Amino acid sequence: MTVTAPRPAMVKKRTARSVMSSTGLYVALGVATLLFLVPFYLIIRNALSTDPDITGEDWKFFPTDLQWGNVKELFDDPSVPFAQALWNSTVVAVLHTLGTLLVCSLAGYGLARIPYKHANKVLYTVLFTLMVPAAVTFVPSYVLVSSLGWVSSLRGLIIPGLFSGFTAFLFRQYFLGFPKELEEAARVDGLGYWGAYWRIVVPNSLNFFAAISVITFISGWNAFLWPLVIGQDQSSWTVQVALSSYMTAQTINIHLIFMATAVSILPLVLVFVFLQRWLVQGVAQTGIKG
């Protein structure tokens, strides 16, 4: 059988197409990157500017005199305890993340591994909660938290949101694909469901736990409506509530809004930068399986 070598013209044409395709891809990625970075540029630029620099007609890429004193002004403002709000958001986001990981992973593991008569009914009930709008449960949740005396407290901000039906479902789907052989070997060694979960499943699922923790942390940090209603005292304000206080019906403090925004997104950027590899790997491992 004779193999015909590709003609030089065909090779050049394919090479040209490949170069054009690669060039187009890089151009598209470059444009998308610039569009993605524009909001961050505007936040940093306006955070280090005065109000006239922000609203003036003469636009500059960066003001000649950068206002680093805006940082001090932000934390020294007596009307808005921004440092306390940062601490509250950190505590709420971290404890919310840890609690959600524990509760939802146990629920997902039970749904995936523990056989019992009403397992499917419990699963369908969990999935049904995803179809209920948050507005329907908002008022009953507030009445319950208020009756427990948790208004203007971190308990009221954290505990009601520890369980997520969607997160429990994701954990179930992941555990369905987890190798049963490892758990069976653990049971041979005398471990029960809890021992297998804590000593075998969790250490071998850190990528997925890291991915869920990033998503949950961002969700807890960015929450606004529930902290706004529960945090009725300034001592229990979170970052998002503090941000909203810079824009009222009477005044709009533009440069402090942007400075507060820049400070508040910094923890999210750091979390995403350090855990983005696990985020991609963990989400890819969910595997929507039956």
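Residues numbered from 1 in each chain as written. Predicted model: local features only at pLDDT ≥ 70, side-chain atom pairs only at ≥ 80, totals over all residues. Heavy atoms only, no water.

(A) Unusual backbone geometry, seen in detail. Its identity is not glycine, yet Ser 152 carries a phi of approximately 60°, on the positive side. Note on placement: Ser 152 falls in the loop between α6 (134–147) and α7 (154–158). You can call Ser 152 partly exposed: its relative accessible area is 26%. (Helix = DSSP H or I, 4+ residues; strand = E, 2+ residues; numbered from the N terminus. Buried < 20%, exposed > 50% of the residue type's maximum accessible area, 1.4 Å probe, protein only.)

(B) Spotlight on a nonpolar patch on the surface. Residues Phe 36, Leu 37, Phe 40, Leu 266, Val 269, Leu 270, Val 273 and Phe 274 make up a contiguous nonpolar surface patch of about 770 Å² in total accessible area. For the nonpolar patch, the secondary-structure elements that each account for two or more residues are α1 (8–47) and α14 (254–284). Of all the elements, α14 adds the most residues to the nonpolar patch, at five residues. Within the secondary structure layout, Leu 37 lies in helix α1. Accessibility expressed as a relative area gives 43% for Leu 37, which makes it partly exposed. (Patch = residues over 30% accessible without salt bridge, like charges linked within 9 Å, V, L, I, M, F, W, Y side chains within 5 Å. Areas by Shrake-Rupley, 256 points an atom, 1.4 Å probe, with all protein chains shown as cover. Salt bridge = Lys/Arg side-chain N within 4 Å of Asp/Glu carboxyl O.)

(C) Summary view of the packing of helix α4 (residues 82–113) against helix α8 (residues 165–176). Contact geometry for α4 and α8: axes closest at 7 Å, N-to-C directions at 50°. With respect to α8, the element α4 is oriented oblique. Crossing handedness for the pair α4 and α8: right-handed. Listed contacts from α8 to Thr 100, Leu 101, Cys 104, Ser 105, Ala 107, Gly 108, Tyr 109, Leu 111, Ala 112 and Arg 113 of α4 are Thr 167, Ala 168, Phe 171, Arg 172, Phe 175 and Leu 176. Within the contact of α4 with α8, the residues separate by chemical class into ten nonpolar, four polar and two charged. (Axes fitted to C-alpha atoms, helices over the stretch in contact; angles between N-to-C directions. Parallel < 35°, antiparallel > 145°, perpendicular 65-115°, else oblique. Left-handed = near helix turned anticlockwise from the far one by under 90°. Contact = heavy atoms within 4.5 Å. Nonpolar A, V, L, I, M, F, W, Y, C, P; charged D, E, K, R; others polar.)

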